[in-house]
Every structure is written in C-alpha cells, then in structure tokens.
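Chain by chain, the residues:
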Amino acid sequence: MMSKFDGNALRSLAFACMFAGAAGGMGLPQAALAQPAAAVRGLPDFTDLVDQVGPSVVNIRTVEKASSRASANGMDEEMMEFFRRFGVPIPNVPRQQRPQRPQDDEQPRGVGSGFILTADGFVMTNAHVVDGADEVIVTLTDKREFKAKIIGADKRTDVAVVKIEATGLPAVKVGDVGRLRVGEWVMAIGSPFGLENTVTAGIVSAKQRDTGDYLPFIQTDVAINPGNSGGPLINMRGEVVGINSQIYSRSGGFMGISFAIPMDEAIRVSEQLRASGRVTRGRIGVQIGQVTKDVAESIGLGKAQGALVTGVEAGSPADKAGVEAGDIITRFDGKSIEKVADLPRLVGNTKPGTKSTMTVFRRGASRDLGITIAEIEPDKPAAKTAEREEKPKASAAAQQMGLAVTELSDAQKKELKIKGGVLVATATEAAARAGLREGDVILAIANTEVSGVKEFEAVLAKADKNKPINVLYRRGEWAQYALIRPGR
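Chemist: Just to check I follow, could you spell out the overall build of the protein for this structure?
Modeler: For the protein, the count of helices and strands is 15 helices and 27 strands. For the protein, the residues scored as buried account for 47% of the 488 residues in total. The long-range share in the protein, meaning contacts at least 24 apart out of those at least 6 apart in sequence, stands at 64%. With the model as given, the accessible surface of the protein reaches about 24,700 Å², and the carbon-plus-sulfur share is 53%.

Encoded structure:
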C-alpha cells in the first residue's frame with residue numbers, strides 16, 4: 001500500500017518531468033537545463049608531459065664492494081631502498097633473476113631515480129641514494145648506461161649531484177617554486193621498486209612544510225615508493241619544481257603524504273656542490289625558540305612573529321653583535337622572520353664572512369645590529385669519551401655496533417604510541433655511520449621486533465655480525481631503516 005508521502009513524491013516527480021518537457025518545447029537553451037553538469041571540469045591529461053620530461057629522468061643504481069668476509073644478503077637491489085630510507089619491512093619474496101655483473105667482489109646496493117640537470121651530463125638526485133656507494137650507474141631512457149662520478153652530496157638537504165660523460169642530453173626545465181599553488185596538479189616520474197619510468201600524479205597538499213631546519217618541503221599526495229627517491233616533481237607546464245625525497249608514515253607504508261625538496265633550494269645547493277663539492281652554511285651562534293601569542297602581546301610586539309633568542313654562544317657572531325637572551329629577531333638582511341624556522345634557513349643560506357644586518361625587538365623597541373656571519377661546523381661524530389662511559393652498559397655485540405641502549409619509560413611509549421622498543425643512549429662507530437644518533441628509538445633489529453633491552457641484546461647476540469644488520473628506528477614521527485655494517 002502506498003503511503004501519503006510516496007504518493008506526493010511521485011506526483012512531484014511527474015510534475016517536474018512535465019515541466020522539463022514543456023520547457024524544452026518552448027525553446028529554452030539546452031545549456032541552461034544542463035548547467036550543473038557543464039560546471040564539472042575534466043581531469044588533466046599527462047601524456048604530453050610524460051613525452052616532454054620522461055627522457056630527462058634517469059634510473060640510478062649503486063654498487064658496493066663486498067668485503068672478503070661478507071656475502072650477498074639475498075635482497076633484490078630495489079628492496080635495498082627500504083633499508084636506507086623507508087620504514088617498510090622487506091617482503092619475503094623470491095629473488096628476481098637479473099643479469100649479474102661479472103665482478104665477484106661487487107653486489108647491488110640500492111636503486112633510485114634522478115634527472116638530467118644540464119645537457120653536458122650533470123644529474124641531480126638525493127644524497128641518500130648515492131651515500132656510501134662505491135659505484136654509481138646511471139641508465140637513460142634509451143637504455144644507455146654510464147658510470148657516474150659523485151660531484152658532491154649534502155645530507156642536510158638530501159641533495160646530490162653526479163656527472164656522466166655525455167653531451168647533448170635532454171635537460172629538464174626548472175620551474176619557479178614561488179608560482180606553485182596548493183591544489184594544483186603535479187606529476188612524478190621515477191623507478192619505484194626498480195620499475196623504470198613509472199608515472200604517478202596528484203596535487204600539491206601544502207607548501208613550506210616544516211620538517212627540518214633547512215628545508216621547507218613541498219607536500220603532495222603523489223604516490224611515492226622506494227626507488228622514486230631523487231626523481232623529479234613536475235608541474236603542468238612541464239617544469240621540475242621539486243625532488244621527491246621522503247614519505248610520512250606511522251605504519252611504515254605509504255599513507256598519502258609525500259615530500260619533495262623545493263627546486264630553488266636544490267639549485268642553490270647544487271651550485272655549491274658543482275663549484276666546490278661541498279656546501280657551506282652560515283651561523284650566528286644563538287639558540288632560538290618560538291614566539292607565542294601571549295608573549296608577543298605581553299611585550300608589545302603585537303603579533304606572534306620572529307625567533308626568540310633563548311641563549312647566545314659566548315664569542316659567537318651574535319655575542320659580538322650585542323644580541324642578548326630574550327631578544328626577538330624579527331628581520332634578517334631585510335627579510336621578515338615570520339616563524340622561528342625562517343631564521344636558520346636565511347642564516348644558513350648566507351655565505352660565511354658576509355656582513356649582514358639583523359633587527360631585534362628588545363624591551364619595547366626595535367634596533368638594527370650589524371653581524372658578520374660565521375661558517376657552521378660540520379656534524380661531528382660522538383666523542384670517544386662518551387663511548388667509553390657507555391660501553392660498560394652495553395653487551396659485547398652492541399659495543400661492536402657502536403650502540404648503547406636503555407629502556408623506554410611507559411610515558412615515552414605512550415607519547416610515541418608504540419608498545420615496545422629501546423632508546424639509543426649513544427651511537428658511535430658503525431651505528432653512527434649508519435645514521436643512528438642519541439635519542440632514536442629502535443623498534444626492530446634483524447627483522448625482529450624488540451620490546452626492551454633484554455630482547456634487543458638477545459636478538460643482536462644471534463645476528464650474523466659478518467653481514468649488514470638492519471635496524472628499524474623512529475626519530476620523532478618518522479620511521480626508517482638503517483643498515484649497520486660492523487667492522488667497516
């Protein structure tokens with residue numbers, strides 16, 4: 001039996017159909033009737049972009065000389081990327097049959113992507129793709145292979161430049177990152193899992209994403225997987241606007257968030273690498289913190305901006321310039337400091353020895369201070385004294401790896417949202433070379449999860465010390481793998 005509501009609904013629908021038919025008969029434009037559908041825009045077509053930029057994208061393989069006591073670890077070369085960058089456990093799959101290199105003392109180490117920066121053979125990629133490699137092999141889309149020379153690599157920005165002996169190569173066109181808009185379409189080309197010239201696409205999710213002192217990343221939802229590292233991020237004009245570098249993951253898998261190094265930052269680094277093989281950065285010798293809204297209002301600054309000086313290093317450029325703890329640095333060389341991360345980027349990009357001007361807000365008034373930029377010190381390995389102090393707390397196996405670990409408190413586990421793991425107290429020698437440092441949290445070792453120090457030591461004692469040992473660790477919200485090579 002039809003309800004009153006159903007009957008009314010049918011009558012309304014019939015009336016609407018009759019009116020539509022009458023309207024068509026009276027000669028109303030069909031476009032007016034279909035106006036909502038006409039407003040829908042089609043999806044972009046990337047085929048021309050692939051044809052344009054694809055030949056400039058290269059596959060990068062790295063080879064490492066095996067020691068006389070080490071054997072092949074049974075992993076495909078594309079899977080090695082997992083151990084070096086992404087927090088994804090290696091699946092248990094059969095080793096693919098590939099043509100083997102004739103040298104018995106070499107083995108595949110990793111795989112990544114890159115792109116041709118200049119027609120005479122300079123290629124840009126990520127520093128972590130070529131880090132520690134004894135040989136770098138670049139494969140072009142026309143299947144030509146070249147042994148590349150590493151010109152330089154900068155770990156702070158994860159940018160590297162290699163050189164192949166070739167001319168007339170199809171170089172990329174570098175885009176203006178300043179024109180990049182959140183929401184616009186972008187495309188990536190790379191070699192995920194060794195699958196060369198793979199194209200993925202998405203949109204720009206955010207710009208100026210703060211994940212480090214020197215890199216305001218471009219965030220996208222473009223699918224990035226192991227092997228994509230070092231490949232280009234391309235806008236719809238066929239211009240390279242970034243280098244695909246990282247993913248964000250709590251589970252270890254791709255979660256729709258990936259990061260690219262802005263091309264303007266990468267070019268600045270590459271110019272120094274090509275000129276001298278290294279990157280120099282400026283420093284002024286201050287410790288800084290965020291300026292909160294409450295603090296800004298209470299001191300008369302007006303809005304929350306700038307970098308709050310929490311400490312001044314004795315004898316540093318800032319000390320000599322008269323900077324005091326409690327000052328708020330609001331401008332550097334005429335550029336406004338909107339947030340605390342802006343200052344280290346601006347100072348770091350300033351050539352050491354440069355005389356600059358810095359504006360500080362102190363006790364209700366702004367003043368300009370002249371300052372001469374010094375050079376930032378390179379990263380130093382952990383002190384030997386600290387190693388000697390921590391060794392008695394570690395087993396012989398852990399000492400061989402340069403590691404000393406402690407238990408995580410329940411509060412730390414809750415904060416990190418993990419059930420187990422151990423806290424790195426010191427990381428020296430082999431562990432430091434692998435990239436581990438104090439404060440990291442080790443979640444698994446040798447593909448085995450660890451709940452505490454006792455289990456960590458037990459797993460480590462059974463591991464083959466003649467082979468690289470994989471370690472899954474957390475640093476803040478980031479999870480990634482490292483390969484520790486004892487005795488190297």
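On we go from here.
Chemist: What am I meant to see in the pairing of strand β12 (residues 239–247) here?
Modeler: The side chains of a regular strand alternate, first on one face of the sheet and then on the other. Burial runs high along β12: nine of the nine residues are buried. As paired strands, strand β11 (residues 232–235) and β12 are joined by three bridges and run antiparallel to one another. When the sheet's bridge partners are listed, Ile 234 is paired in β12 with Val 240. The hairpin formed by β11 and β12 contains three residues between the paired strands, and Gly 238 there has a positive phi angle of roughly 80°. Bridge analysis of β12 against strand β13 (residues 258–262) gives five bridges, and the strand direction is antiparallel. Within the sheet, the bridge partner assigned to Ile 243 lies in β13 and is Ile 261.

Chemist: What am I meant to see in the environment of Arg 179 here?
Modeler: Along the chain, Arg 179 turns up in the loop between β7 (173–174) and β8 (185–190). It is 9.6 Å that separates the C-alpha atoms of Arg 179 and Val 241, two residues lying 62 residues apart in sequence. Dropping the residues within four chain positions of it, Arg 179 is found in contact with Glu 184 and Arg 237.

Chemist: Help me out: how do you make sense of unusual backbone geometry in this one?
Modeler: What you tend to see is this: most non-glycine residues have negative phi, and most peptide bonds are trans. The phi angle at Lys 143 is positive, at roughly 75°, despite the residue not being glycine. Looking at the element boundaries, Lys 143 is found in the loop between β4 (135–139) and β5 (145–154). Residue Lys 143 is classed as exposed on the basis of its relative accessible area, which comes to 59%. Despite not being glycine, Glu 429 has its phi angle at roughly 50°, a positive value.

Chemist: I tried to follow helix α7 (residues 263–276) on my own but got confused; where do I start?
Modeler: Residues spaced three or four apart along an α-helix point in a common direction, a consequence of the helix completing one turn every 3.6 residues. For α7, which comprises 14 residues, the first-to-last C-alpha distance of 20 Å matches the rise-based estimate of 20 Å (1.5 Å per residue) to within 8%. Listing the buried residues of α7 in full gives Met 263, Glu 265, Ala 266, Val 269, Ser 270 and Leu 273. Down the axis of α7, the sector holding all buried residues measures 145°, keeping them to one side. In α7, those exposed residues whose orientation departs by more than 90 degrees from the buried face are Glu 271, Ala 275 and Ser 276. Among the residues trailing α7, Gly 277 stands out with phi positive, at a value near 80°.

Chemist: Looking at this model, I keep getting lost on the nonpolar core. Mind explaining?
Modeler: Most often, soluble globular proteins have nonpolar side chains that are buried together. In terms of nonpolar packing, the biggest core is built from 38 residues, with Phe 115, Met 124, Ile 243 and Met 263 touching the most fellow members. With 24 residues, the next largest nonpolar core counts Leu 436, Phe 456, Val 459 and Tyr 473 among its residues.

Chemist: Explanation requested: the packing of aromatic side chains in the structure shown.
Modeler: Within a pair of aromatic rings, the relevant descriptors are the distance that separates the centres and the angle that separates the planes. What the rule picks out here adds up to two aromatic pairs. For the pair Phe 46 and Trp 185, a centre-to-centre distance of 6.0 Å together with 65° between the ring planes defines the contact as edge-to-face. Linking Phe 46 in the loop between α3 (35–38) and α4 (47–53) with Trp 185 in strand β8, this pair joins segments that are 139 residues apart in sequence. Assessed through its relative accessible area of 16%, Phe 46 is described here as buried. The ring of Phe 122 is capped by Lys 163, whose NZ or CZ atom sits 5.4 Å from the centre of that ring. Note that Arg 274 overlies the ring of Phe 122, its terminal NZ or CZ placed 4.2 Å from the centroid.

Reading the values: rules and limits
- Residues numbered from 1 in each chain as written.
- Predicted model: local features only at pLDDT ≥ 70, side-chain atom pairs only at ≥ 80, totals over all residues.
- Heavy atoms only, no water.
- Helix = DSSP H or I, 4+ residues; strand = E, 2+ residues; numbered from the N terminus.
- Buried < 20%, exposed > 50% of the residue type's maximum accessible area, 1.4 Å probe, protein only.
- Contact = heavy atoms within 4.5 Å.
- Areas by Shrake-Rupley, 256 points an atom, 1.4 Å probe, with all protein chains shown as cover.
- Pairing = 2+ DSSP bridges.
- Expected span 1.5 Å × (residues − 1).
- Arc of directions from axis to C-beta.
- Core = buried A, V, L, I, M, F, W, Y, C linked by side-chain atoms within 4.5 Å.
- Phe/Tyr/Trp six-rings, centres within 6.5 Å; stacked < 30°, edge-to-face > 60°.
- Lys NZ or Arg CZ within 6 Å of the ring centre and 35° of its normal.

Treat this as a map of the structure, not an account of what it does.
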